[in-house]
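# Architecture at a glance
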Amino acid sequence: MTTRSKIQTDVAPLSYARARQSRRERRLVLALLGALVLVAALSLAVGAYSLSVPDLLRTLTGQGTQSENFIVLSLRLPRLTLAVLVGVAFAISGALFQTVLRNPLASPDIIGVTGGASAAAVFGMLILGFGSVATSLAAFAGASIVAGAIYLLARRGGVVGDRFVLIGVGVAFMVQGLLGYLLSRADLNDAQGALLWLVGSVSGAGWHDIAVVAVVLLALLPVIRILSGRLRVLQLGDDLATSLGVGAERTRLVLLVVAVALAATATAAVGPLAFVAFVAAPIARRLLGTGGLALIPTALIGALITTVADFTAQHLLPGQLELPAGIITGAIGAPYLLWLLATSNTTGKSA
């Protein structure tokens, strides 16, 4: 057999496997899009004032009655849109953290990044009397400061995933202590409002919140796309990445900054929706049967989790006040965290 024939023989199975994986990913993306469209239709049509499918389509084209236009276009559509956008932002942020640090526990809500946003926001609300815009800015600043502190503490000899996560968990406990102190010293009514924000909810969504999250996603997603090749090389190890011309520490820092910006923006918009960033990427990888980044399926699963959680929160208790969506996402994510910890081996890798 000639050398050329041998190369063709070796490459053929690899090309077939890649084509098969690509087809599987396309089918998964189409299925997730279909599920998301279905949940979106239910979210827009079902409620105290329900609409039929023809009425919903007519309203979405601007031809509904005045009450239908107000309910769908002014109340339900902004809420649905914000849920989709923050779901995408949280999911991709979690995927980047977990991939860059090579640790399934490396999620912004586990390692204290969203906790930093929460502490800064609650401090602004309870102590400084901030309004909604200033509170959002404070949340973004808090997440950035905490993430920067974790990075500086973990970077000795290069950032290592396990050390980063352990330091982050420690910082998260410190942040929880600060939150407890702030809430215990606050007026009861003010504390109640802060607690509602801390649970996480997309109710009261406005187009200005949507615009901010959308602009951040439009700015950062192309950056992730450009760096995705370097990220795949980074997964092979720092030494091999360096030998291939990829600056491991610099690439890791840029990707972590992007991940923090996504998590901070989403938290500033809706509060710290628990576990969305934590579970989206692992679910996508499990459905695909691959250890790759799988950004599009991950983003769609994040959007699906937040929209399903918000729809469930609205209709779980008929005739009662609706629940914050964060309660539902917490109920989804907590069992997964327990399962992950129970099935991890002594090195901390999922079995």
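To keep things clear, this report deals only with the structure shown in the data block. Counting from 1, residues in each chain are numbered in the order their sequence is written. Predicted model: local features are reported for residues with pLDDT of at least 70 only, side-chain atom pairs are reported and counted for 80 or more only, and whole-chain, interface and lining totals are derived from all residues. Side-chain descriptors were evaluated using all non-hydrogen atoms of the structure, hydrogens and water having been removed beforehand.

## What to know about the environment of Thr265
Filter applied, for reference: Only DSSP runs of H or I with at least four residues qualify as helices, and only runs of E with at least two residues qualify as strands; both kinds are numbered from the N terminus onward. Two residues qualify as a contact provided that any one of their heavy atoms is within 4.5 Å of a heavy atom in the partner residue. A 3.5 Å cut-off defines polar contacts: any pair of N or O atoms within that distance qualifies, except that in protein one atom must be a possible hydrogen donor and the other a possible acceptor, and neighbouring residues in sequence count only when both atoms are side-chain atoms.
The topology assignment puts Thr265 in helix H10 (residues 248-270). Separated by 129 residues in sequence, Thr265 and Ser136 place their C-alpha atoms 8.0 Å apart. Beyond its immediate chain neighbours, meaning those up to four positions away, Thr265 contacts Phe140, Val212, Val213 and Val216. In terms of polar contacts, Thr265 uses its side chain to reach the backbone carbonyl oxygen of Ala261, at 2.7 Å.

## Some remarks on the packing of helix H4 (residues 113-126) against helix H5 (residues 132-154)
The condition that has to hold: To define axes, lines are fitted to C-alpha atoms, for helices over the stretch in contact only, and angles between the resulting N-to-C directions are given on a 0 to 180 degree scale. The scheme is simple: roughly parallel for angles under 35 degrees, roughly antiparallel for over 145, roughly perpendicular for 65 to 115, oblique for anything else. Take the far helix as the reference: if the near one is turned anticlockwise from it by less than a right angle, the crossing is left-handed, and if turned clockwise, right-handed. Three classes are used: nonpolar for Ala, Val, Leu, Ile, Met, Phe, Trp, Tyr, Cys and Pro, charged for Asp, Glu, Lys and Arg, and polar for all others, with Gly counted as polar.
Direction vectors running N to C along H4 and H5 enclose 140°, while the axes themselves pass 7 Å from each other. If you check the angle between H4 and H5, you find them oblique. The way H4 lies across H5 gives a crossing that is right-handed. Judged by residue contacts, Val113, Gly116, Ala117, Ala120, Ala121 and Met125 of H4 engage Thr135, Ala138, Ala139, Gly142, Ala143, Val146 and Ala147 from H5. Looking at the contact of H4 with H5 residue by residue, the class counts come to ten nonpolar, three polar and no charged.

## Remarks on the pattern of salt bridges
Condition: What counts as a salt bridge is simple: a side-chain nitrogen of Lys or Arg found within 4 Å of a carboxyl oxygen of Asp or Glu. Relative accessibility under 20% of the residue-type maximum defines a buried residue, over 50% an exposed one, and the middle range a partly exposed one, all with a 1.4 Å probe and only protein chains included.
Per the stated rule, a full pass over the model turns up three salt bridges. With a shortest N-O distance of 2.5 Å, Asp55 and Arg58 are connected by a salt bridge. Residue Asp55 and its partner Arg58 are both found in helix H2 (residues 53-60); the two are separated by three residues, about one turn of the helix. Among the residues examined, Asp55 registers a relative accessible area of 25% and is labelled partly exposed. Arg79 is the partner of Asp310 in a salt bridge, and the nearest nitrogen-oxygen pair spans 2.9 Å. Of the two residues, Asp310 is situated in helix H12 (residues 295-315) and Arg79 in helix H3 (residues 66-101); the sequence distance between them amounts to 231 residues. Per residue, the accessibility class of Asp310 equals that of Arg79, and both read buried. Shared partners join several salt bridges into a network, and the residues in it are Asp55, Arg58 and Glu68.

Spatial relationships are all this shows, so hold off on functional conclusions.
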